[in-house]
Amino acid sequence: MSRSTKALAAAAVLALALAGCANTDDGDSGDDNNAAPELEVQTAIEAPSDAVQPAGDGNAECPATTTLAYIGAETGPNAQLGINILNGVQLAINEHNENNANCQVQLRKFDTEGDPNKATGPVTQATNDENIIGVIGLPFSGESKATGNILEQAGLVHITPSATNPLLTTNGWTTFFRGLGNDNVQGPAVPVLAEKLGADKVYVVQDDSDYGIGLATSTTEALGDNLAGTDKVTTGQKDFSATISKILAEKPDAVFYSGYYAEAAPFNQQLVGKGYKGIFIGPDGVKDQQFIDQAGDASSNAYFTCPCIPGELITSFADAYKGVSNGAAPGTYSVEGYDATTILLAGIDGGNQDRAKLKDWVKNYDAQGISKKFKWDETGELTELPVYGYKVQDGAIVSVGVIE
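Heads up: these notes are all about the structure in this document. On a predicted model such as this, the values are computed, not experimentally measured, just so you know.

Here is what the cut-offs are and how they apply
Residues numbered from 1 in each chain as written. Predicted model: local features only at pLDDT ≥ 70, side-chain atom pairs only at ≥ 80, totals over all residues. Heavy atoms only, no water. Axes fitted to C-alpha atoms, helices over the stretch in contact; angles between N-to-C directions. Helix = DSSP H or I, 4+ residues; strand = E, 2+ residues; numbered from the N terminus. Left-handed = near helix turned anticlockwise from the far one by under 90°. Contact = heavy atoms within 4.5 Å. Nonpolar A, V, L, I, M, F, W, Y, C, P; charged D, E, K, R; others polar. Pairing = 2+ DSSP bridges. Buried < 20%, exposed > 50% of the residue type's maximum accessible area, 1.4 Å probe, protein only. Salt bridge = Lys/Arg side-chain N within 4 Å of Asp/Glu carboxyl O. Expected span 1.5 Å × (residues − 1). Arc of directions from axis to C-beta. Polar contact = N/O pair within 3.5 Å; in protein donor to acceptor, adjacent residues only side chain to side chain. Disulfide = S-S within 2.5 Å.

What to know about the packing of helix α1 (residues 79-99) against helix α10 (residues 334-349)
Thinking step 1. At a minimum axis separation of 7 Å, α1 and α10 run at an interaxial angle of 35 degrees. As for how α1 packs across α10, the hand of that crossing is right-handed. Side by side, α1 and α10 meet where N84, I85, G88, V89, L91, A92, I93, E95 and H96 of the first sit next to S334, G337, Y338, T341, T342, L345 and D349 of the second.
Thinking step 2. Per-class residue counts for the contact of α1 with α10 are seven nonpolar, seven polar and two charged.

As structure tokens, then:
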């Protein structure tokens, strides 16, 4: 698969310790030894010494009206994914302003609830504010698709820390930049993780979001002969019994859910409740503590893929982050939100203080961030694209390093 394997630190060795994995309880095997192989947990990552810092050199000057915006979910069923980003954004703004008395960058927040149908209003409000010269967001693929033309027409550069649908960079937008690998990168990582877990057959379930559809497509293609079957569910669905019956009939070793945690949690809870004994794999949209909180004990079978670095393992970042998150550890895409904001702040500090200049700054950017090297191709895709693996352990999500 075409993907950079560079990472900020050496990934933990993904060691196989046990063999085989169970799929369903057929009532007559009684075998309690069919556990997934253990993957070694990654415990620390050192921030790169050459990472650009939002504080800059302290000599920046800019008009008092200079403003960046976060546009994305602050409320809604999957709000935590947006809040993780917003906290990273706020931390970068705080660090910049504390060190630059003559350049106090303002931050405006626009809540989309993560809903494509509700996102156009907040985005239009942001584009109509002439003081806003750059945007961090939108977090979700559906809302990014729905609003990309509005931002393009306004010439307002935006870096998404988390929207992964590959088609977003095929629209000819010059203002859209993706701060992570897309689903064509994450999808092929699923069968790699499944293989490391000893799962030969994987059943794919997708929701009806742009994100879920795009990721399911790339994942099923990557699975090839290891695909056990597919089914579809809908956003907001509560009863998954029909899909679960299909899964149990196929007896897969693993189930991959392509969607968000709001539905993934009850789905996996019901799946396990019906006797499923295999592995559950979720993508970045499921990788959140909210999944564990909502799924309860059923979450103990869960693993995740994510083109996101485990920010909680970067001590300097994690300690600072707790100051803007009421003591919570960094979550999925917190670092990516921080890095995206840092890039825009560095542009402002360099004198790029209108929309056109800041867009050109991002277009030509080439520097190290905390999460990865940031350099975009002509479509707005990054050239360095690590994907990490995670698992649930003792009621928390822990990293098992880069999936290779």
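Section: the sheet that holds strand β8 (residues 254-258)
Thinking step 1. Read across the open sheet, the seven strands follow the order β7-β6-β8-β9-β10-β13-β14; overall the sheet is mixed. Since the sheet does not close on itself, it has two edges, and those belong to β7 (227-232) and β14 (396-402), each with one partner. The mean angle between the axes of side-by-side strands here comes to 25 degrees, regardless of whether they run parallel or antiparallel.
Thinking step 2. Taken together, the three bridges between strand β9 (residues 279-282) and strand β10 (residues 302-306) define a ladder with parallel strand orientation. Within the sheet, the bridge partner assigned to I281 lies in β10 and is Y303.
Thinking step 3. Contacts from helix α4 (residues 183-196) reach β6 (202-206), β8, β9 and β10, with the element oriented near 145 degrees to β10.

Here's the deal with the side chain of Q206
Thinking step 1. Locating Q206 in the fold gives a position in strand β6.
Thinking step 2. With a relative accessible area of 15%, Q206 lands in the buried category.
Thinking step 3. Excluding residues within four positions of it along the chain, Q206 makes contact with G212, I213, A216, D231, K232, V233 and S258.

Here we look at the environment of P252
Thinking step 1. The topology assignment puts P252 in the loop between α6 (241-250) and β8.
Thinking step 2. Placed 24 residues apart in sequence, P252 and Y276 show a C-alpha to C-alpha distance of 9.3 Å.

Let's talk about the pattern of salt bridges
Thinking step 1. One pass over the structure, following the stated rule, counts eight salt bridges.
Thinking step 2. Between K391 and E38 there is a salt bridge whose closest N-O contact spans 3.0 Å. Of this pair, K391 sits in strand β13 (residues 388-393) while E38 sits in the segment before β1 (67-72), and the two are 353 residues apart along the sequence.
Thinking step 3. Looking at K391, the relative accessible area reads 4%, which means it is buried.
Thinking step 4. With a shortest N-O distance of 3.5 Å, D210 and K145 are connected by a salt bridge. Taken as a pair, D210 in helix α5 (residues 210-223) and K145 in helix α3 (residues 141-154) lie far apart in primary sequence, 65 residues in all.

Considering helix α2 (residues 116-128)
Thinking step 1. Given a rise of 1.5 Å per residue, 13 residues ought to cover 18 Å, and the 19 Å separating the end C-alpha atoms of α2 matches this to within 8%.
Thinking step 2. Turning to α2, its buried residues number three or more, namely A119, P122, V123, A126 and T127. The arc enclosing the buried residues of α2, seen along the axis, measures out at 140 degrees, which places them on a common side. With respect to the buried face of α2, the exposed residues turned more than 90 degrees away are N117 and N128.
Thinking step 3. Buried residues belonging to α2 abut β1, β2 (106-111), β3 (132-137), α3 and α11 (355-363).
Thinking step 4. Structurally, the start of α2 carries an N-cap: the backbone nitrogen of N117 is 2.8 Å from a side-chain oxygen of D115.

Comments concerning the state of the cysteines
Thinking step 1. All told, the structure shown has two disulfides when counted by the stated rule.
Thinking step 2. In this model, C62 is linked to C103 through a disulfide, with the two sulfur atoms separated by 2.1 Å. Here the S-S torsion is close to 105 degrees, and the disulfide linking C62 with C103 is therefore right-handed. Taken together, the positions of C62 in the segment before β1 and C103 in the loop between α1 and β2 put the pair 41 residues apart, joining distant regions of the chain. Pair check on accessibility: C62 and C103 agree, each one buried.
Thinking step 3. In this model C306 forms its disulfide with C308; the gap between the sulfur atoms is 2.0 Å. Taking the torsion about the sulfur-sulfur bond, which here is approximately 130 degrees, the covalent link between C306 and C308 counts as right-handed. Just as C306 is buried, C308 falls in that class too.

Observations concerning the environment of K277
Thinking step 1. Within the secondary structure, K277 sits in the loop between α7 (261-273) and β9.
Thinking step 2. Relative accessible area serves as the criterion here: at 49%, K277 is assigned to the partly exposed category.
Thinking step 3. As a C-alpha pair, K277 and D354 span 77 residues in sequence and 56 Å in three-dimensional space.

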